[in-house]
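The chain contents come next:
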Amino acid sequence: MKLNGPFLFILATLMIDAIGIGIVFPIMPDLMDRVGASSTAEGAFWGGVMMSAYAAAMFLFGPIVGSLSDAYGRKPVLIAALVTLTIDYVIMAMAQTYWVLLVGRVVAGMAGATYITATAYIADIAKPEERGAAFGMIGAAFGIGFVLGPAMGGMASGWHVTAPFWIAAGLSALNVAFGLFVLPESLKLDNRRPFGRRDLNPFGTIIRTFVVPGLAIPLICIFVFEFANMVYPTLWAFWGREVFGWDGFTIGLTLSGYGVLIAGVQAGILPQLTRRLGDFRTLKIATFAAVIAMVGFGGASAVWAVVVFLPIAALSDMAPPLMTAFAANRVGEDQQGLVQGVIASLSSVAAVAAPLAMTGVFERFVNGEGLYLPGASFLFGAILIVAIVPLIWRMNRH
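Residues numbered from 1 in each chain as written. Predicted model: local features only at pLDDT ≥ 70, side-chain atom pairs only at ≥ 80, totals over all residues. Heavy atoms only, no water.

## A short note on the side chain of Ser-377
Looking at where Ser-377 falls in the secondary structure, it is placed in helix H17 (residues 376-387). Judged by relative accessible area, Ser-377 falls into the buried class, the value being 0%. There is a polar contact of 2.8 Å between the side chain of Ser-377 and the backbone oxygen of Met-358. At a separation of 3.3 Å, a polar atom in the side chain of Ser-377 contacts the main-chain amide nitrogen of Phe-362. (Helix = DSSP H or I, 4+ residues; strand = E, 2+ residues; numbered from the N terminus. Buried < 20%, exposed > 50% of the residue type's maximum accessible area, 1.4 Å probe, protein only. Polar contact = N/O pair within 3.5 Å; in protein donor to acceptor, adjacent residues only side chain to side chain.)

Pasting the structure below:
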């Protein structure tokens, strides 16, 4: 795809979205202190509640927002979401109580249309054979945003604990102005569908998408892969400290390196591989890389293993955009928003459930009772991916 104005706007939107999420990470302890947390443990608990509330709101409202964009167009929904996020960041910057912060996170989850509608926009303007690489560029934008976000948040917090929120609000406001000028509507009137009462029920919407011929397999694969891949953000810090004795700086450095690798793979390697090998063969490579990386980390006991397996793990991140492309190619132009909304909902469920499962496995194998295996959660992730290999192989038959 050509890097024209609309495509650049979409990439900027997703990068700013990732920055807005990551920019808060360094200030969470201070933010919880600001609203009354009495200890680090209490702050960590209530911070986790905020993250879960965001994911739950995304799950409930993702299909609704996607359906709204199928009915009224991508541009108005996307601009409305950006405006909502801008206001939300301002509210969070001014919040003096925890409950205002919590409401702000819920509103942000409801306004998850930035990601949902942006991916639907890409599906509108990309040819079916280009969607895998185009969705890969989305992953690259997110990767860059997650590298920049924590760095910007750490620096801005030196001015004031709320400074990162004001920066995120400013970036979102600038992007609203950019979109108003450069973003044309991508969904033609002939490709729109009416928004009805049944679209307000996220559970019914998800069920309806699973009965669309050929769509259930990629949706199942996306959910399981995202669930397994949550082992990295959930346990990387705890695993690194347990196995190697890493401090916070080293953990942050390795995570930033991972983000850089992902951005390079999504923007550079993925388009080349899909052009030469096609989406399905590239997906097979990504699946194989995912299993190899997780098995490698599962048994790692030396730092050299991190150097070897981290680039392989980055290659595995080609799988979600390719699976998303397979899902997008199973439906018509009037259902792209719906499908992207359902994918966002499934990813949110994975984001809520996977940390509970992964930390449970980790605790079971490092608590001093029975077999000591701190990498057990990575091995669990590898087993999950191996379990869906038969489904991945069937994707090319539909």
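Moving on from the coordinates now.
## Let's talk about the packing of aromatic side chains
Inspection of every chain in the model, using the stated rule, returns 18 aromatic pairs. Between Tyr-232 and Trp-236 the ring centres are 6.4 Å apart and the planes differ by 40°, which places this aromatic pair in the tilted class. Placement of both Tyr-232 and Trp-236 in helix H11 (residues 231-244) is noted, with a separation of 4 residues, approximately one turn of the helix. Exposure class is identical for Tyr-232 and Trp-236. Each is buried. (Phe/Tyr/Trp six-rings, centres within 6.5 Å; stacked < 30°, edge-to-face > 60°.)

## Notes on the packing of helix H16 (residues 336-366) against H17
The geometry of H16 relative to H17 is characterised by a closest axis approach of 8 Å and an angle of 130° between their N-to-C directions. Between H16 and H17, the angle falls in the class oblique. The element H16 and its partner H17 pack so that their crossing is right-handed. Across from Ala-357, Met-358, Val-361, Phe-362 and Phe-365 in H16, the residues of H17 making contact are Ala-376, Ser-377, Phe-380 and Gly-381. A per-class count over the contact of H16 with H17 returns 7 nonpolar, 2 polar and no charged. (Axes fitted to C-alpha atoms, helices over the stretch in contact; angles between N-to-C directions. Parallel < 35°, antiparallel > 145°, perpendicular 65-115°, else oblique. Left-handed = near helix turned anticlockwise from the far one by under 90°. Contact = heavy atoms within 4.5 Å. Nonpolar A, V, L, I, M, F, W, Y, C, P; charged D, E, K, R; others polar.)

## Brief notes about the environment of Val-83
Tracing the backbone shows Val-83 in helix H4 (residues 74-94). The spacing of Val-83 and Ala-169 is 86 residues in sequence and 9.3 Å in space, taken between C-alpha atoms.

## Structural notes on the nonpolar core
Judged by nonpolar contacts, the single largest core of 61 residues is most densely connected at Tyr-232, Trp-236, Phe-297 and Met-323. Among the elements that take part in this core, H16 stands out by supplying 9 residues, more than any other. Ignoring any residue separated from it by four or fewer positions in sequence, one finds Phe-297 in contact with Tyr-232, Trp-236, Trp-239, Ala-305, Val-306, Phe-309, Leu-310, Ala-313, Gly-375 and Phe-378. One finds Val-24, Tyr-54, Ala-111 and Ala-168 within the second-largest nonpolar core, a separate group that totals 25 residues. (Core = buried A, V, L, I, M, F, W, Y, C linked by side-chain atoms within 4.5 Å.)

## Some thoughts on the environment of Asn-396
With respect to the helices and strands, Asn-396 occurs in the segment after helix H18 (389-394). Expressed as a C-alpha distance, the spacing of Asn-396 and Ile-206, which sit 190 residues apart in the sequence, is 23 Å.

## Observations concerning helix H1 (residues 5-22)
Count 3.6 residues to each turn of an α-helix, and residues three or four apart come out pointing the same way. For H1, built from 18 residues, the straight-helix expectation of 26 Å at 1.5 Å per residue is met to within 8% by its first-to-last C-alpha distance of 25 Å. Among the 18 residues of H1, 14 are classified as buried, and the element is accordingly described as predominantly covered. (Expected span 1.5 Å × (residues − 1).)

## Considering H11
Its maximal kink placed at Ala-237, H11 deviates by approximately 35°. Regarding H11, the residues found buried are Val-231, Tyr-232, Thr-234, Leu-235, Trp-236, Trp-239, Gly-240 and Phe-244. Phi turns positive one or two residues past the end of H11, at Gly-245, with a value near 70°. (Bend = angle between axes of the 7 residues up to and from the residue.)

## Some words on the pattern of salt bridges
A pair can form between side chains of opposite charge whenever their charged atoms are brought close. Scanning all chains against the criterion turns up 3 salt bridges. Its salt-bridge partner being Asp-124, residue Arg-74 comes within 2.7 Å of it at the nearest N-O pair. In this pair, Arg-74 sits in helix H4 while Asp-124 sits in helix H6 (residues 113-125), placing the two residues 50 residues apart along the sequence. A relative accessible area of 0% places Arg-74 in the buried class. With relative accessibility at 16%, the residue Asp-124 sits in the buried group. The partner of Asp-88 in a salt bridge is Arg-105, with the nearest N and O atoms 3.8 Å apart. With a gap of 17 residues between them, Asp-88 in helix H4 and Arg-105 in helix H5 (residues 98-110) connect regions that are remote in the sequence. One network of salt bridges, in which partners are shared, links Asp-70, Arg-74 and Asp-124. (Salt bridge = Lys/Arg side-chain N within 4 Å of Asp/Glu carboxyl O.)

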